[in-house]
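Chain residues, written in single-letter form:
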Amino acid sequence: MPATEVEVRTALANVEEPELGLPILELGLVQGIAVDGATAVIAIAEPLADRGRWAELEARVRASVIDLDGVERVEVDVRSMTDDELPAVARVLKGAPPPNPLAVVDANAPSLPAPRINPFTDSRTRVLAIASGKGGVGKSSVTTNLSIALAQRGRRVAVVDADVWGFSLPRMLGVAHPPDLIDDVIVPPTAHGVHVISMGFFTEEDQAVIWRGPMLHKALEQFLTDVYWGAPEYLVVDLPPGTGDIALSIAQFLPRAEVVIVTTPQPAAQKVAQRAASMAEKVDLEVVGVIENMSWFRGDDAKAYEIFGADGGRELADQIGVPLLGRIPLVPALREGGDVGRPIVVADPDDEAAAVFRSIAEQLDSVTLDG
Ligand SMILES: Nc1ncnc2c1ncn2[C@@H]1O[C@H](COP(=O)(O)OP(=O)(O)O)[C@@H](O)[C@H]1O
Ligand SMILES: [Mg+2]
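Residues numbered from 1 in each chain as written. Chains lettered and ligands numbered in written order. Predicted model: local features only at pLDDT ≥ 70, side-chain atom pairs only at ≥ 80, totals over all residues. Heavy atoms only, no water.

Caption draft 1: Here's a closer look at the pairing of strand β4 (residues 126–131). Counting buried positions along β4 yields six of six residues, so the element is predominantly enclosed. Residue alternation in β4 divides its side chains into two sets, Arg126, Leu128 and Ile130 and Val127, Ala129 and Ala131, and both sets are buried. Across five bridges, β4 lies against strand β10 (residues 234–238) in parallel orientation. If you follow Ile130 over to β10, its bridge partner there is Asp238. (Buried < 20%, exposed > 50% of the residue type's maximum accessible area, 1.4 Å probe, protein only. Helix = DSSP H or I, 4+ residues; strand = E, 2+ residues; numbered from the N terminus. Pairing = 2+ DSSP bridges.)

Caption draft 2: How the structure looks around the environment of Phe167. Within the secondary structure, Phe167 sits in the loop between β5 (157–161) and α5 (169–173). Given a relative accessible area of 15%, Phe167 falls into the buried group.

Caption draft 3: Quick peek at the pairing of strand β1 (residues 30–36). In this sheet, strand β2 (residues 39–46) lies alongside β1 in antiparallel orientation, the contact comprising six bridges. Note that in β2 the partner of Gly32 across the bridge is Ala43. If you look at the hairpin formed by β1 and β2, you'll find two residues sitting between the two strands, and Gly37 has a positive phi there, around 60 degrees.

Caption draft 4: A look at unusual backbone geometry. Phi at Arg51 is positive, roughly 40 degrees, even though this residue is not glycine. Within the secondary structure layout, Arg51 lies in the loop between β2 and α2 (54–66). You can call Arg51 partly exposed: its relative accessible area is 44%. Despite not being glycine, His192 has its phi angle at roughly 50 degrees, a positive value. You can call His192 partly exposed: its relative accessible area is 30%.

Caption draft 5: Focus on the pattern of salt bridges. This model, assessed by the stated rule, comprises 17 salt bridges. We note a salt bridge from Asp180 to Arg51, for which the minimum N-O separation is 3.2 Å. Within this pair, whereas Asp180 is found in strand β6 (residues 180–182), its partner Arg51 is found in the loop between β2 and α2, the two being separated by 129 residues in sequence. A salt bridge links Asp180 to Arg53; the nearest nitrogen and oxygen atoms lie 3.1 Å apart. (Salt bridge = Lys/Arg side-chain N within 4 Å of Asp/Glu carboxyl O.)

Caption draft 6: Focus on the site of ligand 1. Taken together, 16 residues sit near ligand 1, with Gly136, Lys139, Ser140, Ser141 and Pro329 positioned nearest. Within the backbone of Lys139, one N or O atom sits 2.8 Å away from an oxygen atom of ligand 1. One nitrogen or oxygen atom from the main chain of Pro329 is found 2.9 Å from a nitrogen atom belonging to ligand 1. Those elements that provide at least two residues to the shell around ligand 1 are α4 (139–152), β12 (286–298), β14 (324–330) and α10 (332–340). Residue composition of the shell around ligand 1, by class: eight nonpolar, six polar and two charged. (Near = heavy atom within 4 Å. Polar contact = N/O pair within 3.5 Å; in protein donor to acceptor, adjacent residues only side chain to side chain. Nonpolar A, V, L, I, M, F, W, Y, C, P; charged D, E, K, R; others polar.)

As structure tokens, this is what we get:
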């Protein structure tokens, strides 16, 4: 006996759009189902451009339908959504209640505006704000590799590049394309399993942007509210160096953010980093740990040379009363990987620096949130 269309539709109920992480039926992507003998034909309209991404969706659809009794072949027809189909999807992304997934979608139903809210003030997303006293200590490298290490643990991870002056995450993560737009909703690109938004997507690389406090505040707000994040388990924020206005904005928009401070082993760097910790305290953000970067260089003789001195991270952690989460060695491959978008945890997972990033991810991930 051939399968029924209802059986096929029911089998599709668990299929999620790979980038958006929502069921394709809830998103209204399933345009038609037909069963012809042992062949099931499923027509899908995709709101995201292909760029090699549709294959995963096709595979998911095929895998969920092929197991049905009476189905021997599955044909998946994917086409791009037209502009006038996008608002209905955007509405679901903005948190409007999805239509009954088993009901037939009425393409002519009016699309009501959905309220825009900051999804992170009252969610179970853990927010990690990566801070430092000064630039160049490795905040973005930590953000990149730590985020990927969390994603490698099976977490859904979102990254916000809040260093609007020195944005570097698109290049470090190796993001291949700009964000997608689904009507007025910005869909962040993914790289190595993390979803990322950066001012780098919206300005020319060599264009000088003069950011004042209120603009920064507004930009951060838009990153959080106009972007579809899809309830990530982690939101990692790469902060600009120093203790400027951004801390206040973070405290307002992300009041439950946990601050991680990056420093080098030098006493001077440690002192500047201490100021970042004081700032966090002033705006009521909790510092949860210190990461010491550039801690040593291992020569060809296998000896560890402590080029920038020792103990800065340990002393800072003790001073603040938080754990030292890890000490990351200086490795040329880490810098090279950052320059070409091949982060070390992906490019060379056996490297000792990669192991430290995984250990930090594990420590942070083993703490469960209350409430
Ligand atoms: N542990 C490390 N080993 C080698 N190079 C590093 C390391 N950490 C950072 N770098 C390099 O140092 C430079 C500054 O690091 P970056 O992560 O951009 O710092 P920040 O974001 O704090 O300004 C980058 O070129 C980066 O690749
Ligand atoms: Mg940086």
